[in-house]
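Coordinate inspection notes
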Amino acid sequence: MKLSKLYVIALLAGTLGVVGCSDDPPPPTGTGGTGGTAGTGGTAGAGGTGGTDGVVQVFVTSGAFAGDLGGLDGADTICTNAALAGDPPLSGTWTAWLSDSSADAIDRIADGEYQLLDGTGVANDKADLTDGSLDAAINLDEKGGTVTDTSSPAPVVWTGTDEKGTNNAYQSCAACTSASADERGWIGSPLNNDAEWTDLVCFPRCDLFNRLYCFAVLAVEDFRISQDSSDRAPTD
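Below, the structure is looked at part by part. (Residues numbered from 1 in each chain as written. Predicted model: local features only at pLDDT ≥ 70, side-chain atom pairs only at ≥ 80, totals over all residues. Heavy atoms only, no water.)

1. A word on the state of the cysteines
This structure, assessed with the given rule, holds two disulfides. Across the disulfide, Cys79 is cross-linked to Cys214 (sulfur-sulfur distance 2.0 Å). Between Cys79 and Cys214, the S-S torsion sits near -75°, and that sign places the bridge as left-handed. Highlighted residues: Cys79 in helix H2 (residues 71-84) and Cys214 in strand E7 (residues 213-217), separated in sequence by 135 residues. Comparing Cys79 with Cys214 shows no difference in burial state: the two are buried. A disulfide bridge connects Cys173 with Cys206, and the sulfur atoms are separated by 2.1 Å. One disulfide, between Cys173 and Cys206, carries an S-S torsion of -95° and so falls in the left-handed class. (Disulfide = S-S within 2.5 Å. Helix = DSSP H or I, 4+ residues; strand = E, 2+ residues; numbered from the N terminus. Buried < 20%, exposed > 50% of the residue type's maximum accessible area, 1.4 Å probe, protein only.)

Here it is as structure tokens:
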């Protein structure tokens, strides 16, 4: 089921009482930040591992978080910790798909073939990831569970990012540091494989709890889950 904006507005009205869009008009379109450089990381929270044309795994977190993520670095650490808590655990460096006024999500991840943890193809490369259409929704979490419209936490993801992978002056809970009801953050949906996977044109309060998208790089040509759980962990 695709998550529509009408569904989120229904949540705002209290139908499900989980997350809602702001009543305020959206912020004006502007120029996004200059973005970080993929591959500068190596430690948790420092960014993508970058520098390879191999498979880039991606999952949506099974847990949800308020907007005070500890900045972009803190969000990256949340992704790395979620991966380590996976079933089976996933090693390596993981980067949150998030933007703020100083960094764009598309610059924080490495280029490559994006796949879910079960090997389902999502996009061929960065250009394909940000062309407004994914081959598959990013609806698989780090434990192998599939997110649906009835999932708890709700199928909503903090992104602060438009379909091109940039911040575009979108709200991001004060650079991912605020859980205030007075701050707002842009969201996407793990049920959607159109532009709304990252940009629902909706910005709920930052005291609400939403999921994250997490990206990692594997220096391999292909990756599939098998019955051997060790096949699911990134290799150096």
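2. With respect to the nonpolar core
Counting 47 residues, the largest nonpolar core has Leu129 and Phe215 as the members making the most contacts within it. Of all the secondary-structure elements, those providing two or more residues to this core are strand E1 (55-60), H2, helix H3 (105-108), strand E4 (121-123), strand E5 (157-158), helix H5 (173-176) and E7. Here Leu129 is in contact with Trp97, Ile106, Ile109, Tyr114, Val122, Ala123, Leu134, Trp197 and Phe215, once residues within four sequence places are set aside. (Core = buried A, V, L, I, M, F, W, Y, C linked by side-chain atoms within 4.5 Å. Contact = heavy atoms within 4.5 Å.)

3. With respect to the pattern of salt bridges
Within this structure, the stated rule accounts for two salt bridges. Salt-bridge contacts for Arg108 lead to Asp76; the nearest nitrogen and oxygen are separated by 2.6 Å. Placement of the pair is Arg108 in helix H3 and Asp76 in helix H2, with a sequence separation of 32 residues. For Arg108, a relative accessible area of 8% translates into the label buried. For Asp207, the salt bridge goes to Arg205, with nearest N and O atoms at 2.9 Å. With relative accessibility at 28%, the residue Asp207 sits in the partly exposed group. (Salt bridge = Lys/Arg side-chain N within 4 Å of Asp/Glu carboxyl O.)

4. As for empty space enclosed by the protein
One pass over the structure, following the stated rule, counts two cavities of 30 Å³ or more. By volume, the largest cavity amounts to about 40 Å³. If you go around the largest cavity, the residues you meet are Gly67, Leu69, Leu98, Trp158, Thr159, Gly160, Gln171, Ser172, Cys173, Cys176, Gly185 and Trp186. (1 Å grid on protein atoms, 1.4 Å probe; cavity = no way out; pocket = protein on both sides within 12 Å on 5 of 7 lines; lining within 4 Å. Points joined across faces, edges and corners; volume = space filled by probe spheres on them.)

The quantities given are spatial measurements derived from coordinates; they are silent on function.
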